Amino acid sequence: MGIDLPLIWILIIAFGVMMYVVMDGFDLGIGILFPFVRDRVDRDTMINTVAPVWDGNETWLVLGGAALLAAFPLAYSVLLSALYLPLVLMLAGLIWRGVAFEFRFKSHELHKSFWNQAFSWGSYIATFSQGVCLGAFINGFKVTGPSYQGGAMDWLTPFSLFTGVGLVVAYALLGSTWLIMKTEGTLQRRMIVLARPVTFALLAVIGVISLWTPLTHPEVATRWLSLPNLFYFSPVPLLVLATTWAILSALKRVIHATPFLLTLFLMLLGYSGFAISLWPNIIPPGVSIRQAAGPAESLGFTLVGALLIIPVILAYTSWSYFVFRGKVKAGEGYH
């Protein structure tokens, strides 16, 4: 029995996307939370918690895109054609916030307000665009042969707009719990206060999406609700409820790292629900990973490079987080 190259590659892409969501999620979440924190010193502290690692977090987005092109060129072609506008907006937001991130440190005090707003708006635009892409992906695409047959604005639906807002809420919770873990004093207490309603909001978002998706996609309803799948998959929503309760309980006790770790687990549960709903399709509703995969020779050749580079990315990412572990004090770096 040979190596299942399409399966290995989809696992690599899924891992890269999840790593991006986890690592750049709290990074973008800090920009989302900027309008709720007015103190200049607190804003500088928020930035300082991610200053050493923020640009490396986006490596995973590059890896996911490159892996998709290498392993599933059909999916790459269709998805970029269908999602061209929201992807351009996402990249513009990421570039704008990246420029603002650097310039706010170097700008004159009179101009810092402009760069603060640019950092926040870039974070909102990038996050919302990612959420819109997610919603459009769940809705599926019109494909004939190797070509996308839909319109340039087919991605724009009430569902995709809702998932855009939902991802803003999710990243806001990641950002607030990250700051609870990395800061102390007034800023930490402010984040605890903000995290509670955001947790309830995210639970509501998950609930609406969990109902909306099967109601509009019968194949998803069949996947989740038919027997024996109902018994196999029912732990996922139960774990979502239990994890939400655990986050709220941890916020009361102020166990600094626990809310962030639980939020990561909640995101992983949402990611698993997404995978359960769409597997094995890489272009919903009907193109599977095997239909979209490139030639076996290409998959095998590029896999060698992936297996060499992924450990390197994991090593320098882990090292940077290890070096800059600990809390950030107001007006200071790490200690």
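Keep in mind it's a predicted model, so treat the numbers as computed, not measured.

Here is what the cut-offs are and how they apply
- Residues numbered from 1 in each chain as written.
- Predicted model: local features only at pLDDT ≥ 70, side-chain atom pairs only at ≥ 80, totals over all residues.
- Heavy atoms only, no water.
- Axes fitted to C-alpha atoms, helices over the stretch in contact; angles between N-to-C directions.
- Helix = DSSP H or I, 4+ residues; strand = E, 2+ residues; numbered from the N terminus.
- Parallel < 35°, antiparallel > 145°, perpendicular 65-115°, else oblique.
- Left-handed = near helix turned anticlockwise from the far one by under 90°.
- Contact = heavy atoms within 4.5 Å.
- Core = buried A, V, L, I, M, F, W, Y, C linked by side-chain atoms within 4.5 Å.
- Buried < 20%, exposed > 50% of the residue type's maximum accessible area, 1.4 Å probe, protein only.
- Expected span 1.5 Å × (residues − 1).
- Patch = residues over 30% accessible without salt bridge, like charges linked within 9 Å, V, L, I, M, F, W, Y side chains within 5 Å.
- Areas by Shrake-Rupley, 256 points an atom, 1.4 Å probe, with all protein chains shown as cover.
- Salt bridge = Lys/Arg side-chain N within 4 Å of Asp/Glu carboxyl O.
- Polar contact = N/O pair within 3.5 Å; in protein donor to acceptor, adjacent residues only side chain to side chain.
- Nonpolar A, V, L, I, M, F, W, Y, C, P; charged D, E, K, R; others polar.

Caption draft 1: Quick peek at the packing of helix 1 (residues 5-33) against helix 15 (residues 296-323). Close contact between helix 1 and helix 15 brings their axes to 11 Å; oriented N to C, the two are set at 25°. Viewed along their axes, helix 1 and helix 15 adopt a mutual orientation that is roughly parallel. Like other packed secondary-structure pairs, helix 1 and helix 15 cross with a definite hand, here left-handed. Residues L5, P6, I8, W9, I12, F15, M19, M23 and F26 of helix 1 form the contact with helix 15, whose participating residues are A296, L299, G300, T302, L303, A306, I310, L314, T317 and Y321.

Caption draft 2: Inspection of the nonpolar core at higher detail. In this structure, W9, F72, F141, Y171 and I282 are the most contacted members of the largest nonpolar core, which totals 93 residues. No other element matches helix 1, which puts 16 residues into this core. In this structure W9 touches A67, A71, F72, L299, T302, L303 and A306, once residues within four positions along its chain are discounted. Of all hydrophobic cores here, the second largest spans five residues; its members include W224, F233, V236 and I276.

Caption draft 3: Representation of the environment of F103 within the structure. Mapped onto the elements of the fold, F103 is located in helix 6 (residues 84-106). According to the relative accessible area criterion, F103 is partly exposed, its value standing at 44%. Separated by twelve residues in sequence, F103 and W115 have C-alpha atoms that sit 6.8 Å apart.

Caption draft 4: Here's a closer look at helix 15. Taking 1.5 Å as the rise per residue, helix 15 with 28 residues should run 40 Å; its terminal C-alpha atoms sit 40 Å apart, in good agreement. Listed as buried for helix 15 are L299, L303, A306, I310, I313, T317 and S320. Of the surrounding secondary structure, the elements contacted by the buried residues of helix 15 are helix 1 and helix 4 (59-71).

Caption draft 5: Spotlight on a nonpolar patch on the surface. Among the surface-exposed residues, L89, L91, I95, W96, V99, F103, F114, W121 and I125 lie close enough to one another that they form a single nonpolar patch of about 880 Å² accessible area. Here the element with the most residues in the nonpolar patch is helix 6; it accounts for six residues. Mapped onto the secondary structure, F114 falls in helix 7 (residues 112-139).

Caption draft 6: The arrangement of the environment of T216 in detail. Inspection of the secondary structure assignment puts T216 in helix 9 (residues 185-216). By relative accessible area, which is 43% here, T216 ends up partly exposed. Within the structure, T216 has its side chain in polar contact with the backbone oxygen of W212 (distance 2.9 Å).

Caption draft 7: Just the packing of helix 8 (residues 158-182) against helix 9, in detail. Put simply, helix 8 and helix 9 touch, their axes get as near as 8 Å, and they point 150° apart. By the angle class used here, helix 8 and helix 9 are roughly antiparallel. Remark: the crossing between helix 8 and helix 9 carries left-handed chirality. Looking at the contact of helix 8 with helix 9, its residues break down into 19 nonpolar, six polar and no charged.

Caption draft 8: Geometry of the pattern of salt bridges. Within this structure, the stated rule accounts for four salt bridges. Among the ionic pairs, D27 bridges to R97, the shortest N-O distance being 3.0 Å. Placement of the pair is D27 in helix 1 and R97 in helix 6, with a sequence separation of 70 residues. Between R104 and D44 there is a salt bridge, and its shortest N-O distance comes to 3.0 Å. Of this pair, R104 sits in helix 6 while D44 sits in helix 2 (residues 40-48), placing them 60 residues apart in sequence. For the pair shown, R104 and D44 are each scored as buried. Put simply, R40, D44 and R104 are held in one network by salt bridges that share partners.

Caption draft 9: Up close: unusual backbone geometry. Along the chain, L227 connects to P228 via a cis peptide bond; the corresponding omega equals 5°. Position of P228 relative to the elements: it lies in the loop between helix 10 (218-225) and helix 11 (229-233). The peptide bond linking P284 to P285 adopts the cis configuration, its omega dihedral lying at 5°. Note on placement: P285 falls in the loop between strand 3 (281-283) and strand 4 (287-288).

That is the geometry; function is a separate question.
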